[in-house]
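Per-entry structural report
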Protein chains: 2
Amino acid sequence: MRERVQDSGNCKVAANRRLHPDSHTCDLCEARAFNMCNALEPEELARLAAIMSHQTVEAGGTFIEEGAAADDLFNLTSGTVKVFKLLSDGRCQITGFMMAGDFLGLSRGGTYAYSATAITPVTFCRFQRPQLRGLFNELPKIERQMLGLAMNELMAAQDQMVLLGRKTARERIASFLLTLSDRAVRRGRPGNPVDLPMTRGDIADYLGLTTETVSRSFTQLKTERVIALKGNHGVEILDLDALVEIAGIDERSTAMAFDTIA
Amino acid sequence: MRERVQDSGNCKVAANRRLHPDSHTCDLCEARAFNMCNALEPEELARLAAIMSHQTVEAGGTFIEEGAAADDLFNLTSGTVKVFKLLSDGRCQITGFMMAGDFLGLSRGGTYAYSATAITPVTFCRFQRPQLRGLFNELPKIERQMLGLAMNELMAAQDQMVLLGRKTARERIASFLLTLSDRAVRRGRPGNPVDLPMTRGDIADYLGLTTETVSRSFTQLKTERVIALKGNHGVEILDLDALVEIAGIDERSTAMAFDTIA
DNA sequence: AACAATCCTTGACCTGAATCAATGCGAGCC
DNA sequence: GGCTCGCATTGATTCAGGTCAAGGATTGTT
């Protein structure tokens, strides 16, 4: 069943790691409210800015490869990235879609724990680990902020485990749409026509399904007038209550707040 | 398919939250090497000890309930705990088995994000959040250590997503056995007869399968002489290479090291 | 506008794991 | 020892979602 190599090689790692350096000022950063820079004073922000470079990756570009030396840590400022892991036979699991404010670059034994590919054009701040480590010592605030981010990600990961382990295809799609809508709102964007920058194949690789099943589930929800499809990259939620009901009611994430560890 | 309420109510939350206070000295703590106390000097450890209470929960006791006020943070010192989330119809997903050194008590909006039940008798250190928060300000080392622990857990969660989203039943069981063996070794215990304190139902709820499928997979691996069953709570690995091969080769976790964030 | 290259949808069919249903077994307890 | 009760195994059957196979719709390019 799952022996087949994923269709169009959605997740195959291409070697097009083209990084475009870019000027940038933290003052105007849209992502600032949700990321590790959040708690910093202007003077501290300047110190952080001094050790980072702001860069761009075009859609389709893979800028982190699982297993490569984990030299850098990334902080997304715009665009959407898929983070994924591959099995040796090509099966792919996307562990998350990252957006402005999310950090990237977890390492295990000095090498990246996953690959990351831009789905849309992406911008990020890039830090070299040794330099960032030095700054951590002087500005423990950053570390605290990152701990909060990591905890939030951990809780999202646990929700995803529930989804992957115990939900039906229909429930997974409903949960996915609600989560995306919610994340958009939290970033100050409209939550209703939900923006889906990724392909059906990506959604499938995220939800532990196949392209065909994702498509069929969308069609089913459309037929029931719970959603309407706006081209390939948009979904309008017509009946939010129904969608929440279908998703399985554990959507406490809808009320998710940013918690610190203690 | 998944509509059925889980068999024996493995994961139903019982109200037997019996906490036995217990005297304890950090000097002799077995868990110290892997948990947040690791980096502390004796003097600092004493300050941490001052704000904690050491307690015991008997097997079967539920000491964290999803949705309840998240007043405390826990630090396991011995025994095994299952951490799980329930869907409204009773479907259960165990998001992790926690052992000595692991921390418990993630919260979202002031309430616990999951439930936790002791599988064996368990001991832990318990901290009240406000007090711990105060100590964080004075001893940022603790925060750093926790960030490392959280990152490690996040990577483990990502591995589990790969397992739940893309692996076959057989691969899940093989991966599970290897992971458990590995964790035992890292805690200075024998890695080979693998100790399985949990029931088949718990394993099923962790791997996104049913009791029956878990049992069948064990039987299959036994028939192939890859493992031998030692009663219900032990498995001897007879052919490690075969098991690694079956697990899907992404078991970099075997070589997992403790990484700090930067 | 025509083309190409993806991506998406739909249909027919198949299969791995779930479900339903006994039966076996072992740890704790008189 | 024998009883019991929860857990584990095994078998028969079903079904959700995967696989295979066309087409149809978008999107980008010249």
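Residues numbered from 1 in each chain as written. Chains lettered and ligands numbered in written order. Predicted model: local features only at pLDDT ≥ 70, side-chain atom pairs only at ≥ 80, totals over all residues. Heavy atoms only, no water.

Structural notes on the overall build of chain A
In terms of regular secondary structure, chain A is built from seven helices and 14 strands. Relative to its 262 residues, chain A shows a buried fraction of 56%. Across chain A, the fraction of contacts at a sequence separation of at least 24, relative to all contacts at a separation of at least 6, is 74%. As displayed, chain A offers around 10500 Å² of accessible surface, 52% of which is attributable to carbon and sulfur atoms. (Helix = DSSP H or I, 4+ residues; strand = E, 2+ residues; numbered from the N terminus. Buried < 20%, exposed > 50% of the residue type's maximum accessible area, 1.4 Å probe, protein only. Contact = heavy atoms within 4.5 Å. Areas by Shrake-Rupley, 256 points an atom, 1.4 Å probe, with all protein chains shown as cover.)

Brief notes about the sheet that holds strand 12 (residues 194-195) of chain B
All names here are of chain B. Strand order in the open sheet made by the three strands is 12-14-13, with antiparallel pairing throughout. The strands lining the two open edges of the sheet, one partner per strand, are strand 12 and strand 13 (227-229). Across two bridges, strand 12 lies against strand 14 (residues 234-237) in antiparallel orientation. Note that in strand 14 the partner of Val194 across the bridge is Val235. Each of strand 13 and strand 14 touches helix 6 (residues 211-223); the most contacted strand, strand 13, lies at about 120° to it. (Pairing = 2+ DSSP bridges. Axes fitted to C-alpha atoms, helices over the stretch in contact; angles between N-to-C directions.)

Section: the relation of the copies chain B and chain A
When chain B is fitted to chain A, the residual RMSD is 0.0 Å, and the transformation amounts to a turn of 180° plus an axial shift of 0.0 Å. The operation mapping one copy onto its partner corresponds to a two-fold rotation axis. Comparing contact sets, 97% of the residues at the interface of chain B also lie at the interface in chain A, consistent with an isologous, same-surface contact. (Least-squares fit on C-alpha atoms with pLDDT ≥ 70 in both.)

As for the pairing of strand 10 (residues 115-118) of chain A
Residues and elements named next belong to chain A. Judged by which residues are buried, strand 10 turns out to be covered on both faces: Ser115 and Thr117 on one side and Ala116 and Ala118 on the other are all buried. As paired strands, strand 3 (residues 62-64) and strand 10 are joined by two bridges and run antiparallel to one another. Across the sheet, Ile64 pairs through a bridge with Ala116, a residue of strand 10. Strand direction decides the pairing type here: strand 5 (residues 81-86) and strand 10, joined by four bridges, are antiparallel. Bridge pairing links Val81 to Ala118 in strand 10.

A few points about the interface of chain B and chain A
Of the residues lining the interface, 62 residues belong to chain B; the matching set on chain A comes to 60 residues. Here chain B meets chain A over a buried area of about 6000 Å², counting both sides, of which 59% is carbon and sulfur. Counting across the chain B and chain A interface gives ten salt bridges. Connecting chain B to chain A are 20 residue pairs in polar contact (both at pLDDT 80 or more). Where the side of chain B that touches chain A is concerned, the elements lending two or more residues are strand 6 (92-98), strand 8 (107-108), helix 2 (129-138), helix 3 (140-166), helix 4 (169-186) and helix 5 (200-207) of chain B. Among the elements that take part in the side of chain B that touches chain A, helix 3 of chain B stands out by supplying 19 residues, more than any other. (Buried area = accessible area lost by both parts, 1.4 Å probe. Salt bridge = Lys/Arg side-chain N within 4 Å of Asp/Glu carboxyl O. Polar contact = N/O pair within 3.5 Å; in protein donor to acceptor, adjacent residues only side chain to side chain.)

Remarks on the nonpolar core
Ranked by internal contacts, the top residues of the largest apolar core, which has 149 residues, are Leu104(A), Leu196(A), Leu104(B) and Leu196(B). Beyond its immediate sequence surroundings of up to four residues, Leu196(B) is in contact with Phe176(B), Leu177(B), Leu180(B), Ile203(B), Phe218(B), Asn232(B), His233(B), Gly234(B) and Val235(B). (Core = buried A, V, L, I, M, F, W, Y, C linked by side-chain atoms within 4.5 Å.)

Regarding unusual backbone geometry
Notably, Arg225(A) is not glycine yet its phi reads approximately 60°, a positive angle. Assessed through its relative accessible area of 63%, Arg225(A) is described here as exposed.

What to know about the sheet that holds strand 6 (residues 92-98) of chain A
Strands sit in the order 3-10-5-6 (chain A) across an open sheet of four strands; the sheet is antiparallel. This sheet does not close on itself; its edge strands, each paired only once, are strand 3 and strand 6 of chain A. Averaged over all pairs of adjacent strands, the angle between strand axes in this sheet comes to 30°, irrespective of strand direction. Contacting strand 5 and strand 6 of chain A, helix 3 of chain B crosses the sheet at an angle of about 125° to strand 6 of chain A.

Quick notes on the pattern of salt bridges
The tally for this structure, following the rule as stated, stands at 32 salt bridges over all chains. Here Asp159(B) makes a salt bridge to Lys85(A), at a shortest N to O gap of 3.1 Å. Here Asp159(B), found in helix 3, pairs with Lys85(A), found in strand 5, and the two come from separate chains. Lys85(A) carries the same exposure label as Asp159(B), and that label is buried. Ionic pairing is found between Glu66(B) and Lys85(B), a salt bridge with its closest N-O pair at 3.8 Å. Of this pair, Glu66(B) sits in the loop between strand 3 (62-64) and strand 4 (72-78) while Lys85(B) sits in strand 5 (residues 81-86), and the two are 19 residues apart along the sequence.

Details of the packing of aromatic side chains
Residues and elements named next belong to chain A. If you walk through the whole model with that rule in mind, you get twelve aromatic pairs over all chains. Between Phe63 and Phe74, the aromatic rings sit 5.4 Å apart at their centres with planes inclined by 70°, giving edge-to-face as the arrangement. Of the two residues, Phe63 is situated in strand 3 and Phe74 in strand 4 (residues 72-78); the sequence distance between them amounts to eleven residues. Ring geometry for Phe63 versus Phe124: centroids 4.8 Å apart, planes at 25°, classification stacked. Highlighted residues: Phe63 in strand 3 and Phe124 in strand 11 (residues 122-128), separated in sequence by 61 residues. Here the two residues Phe63 and Phe124 agree in accessibility, since each one is buried. (Phe/Tyr/Trp six-rings, centres within 6.5 Å; stacked < 30°, edge-to-face > 60°.)

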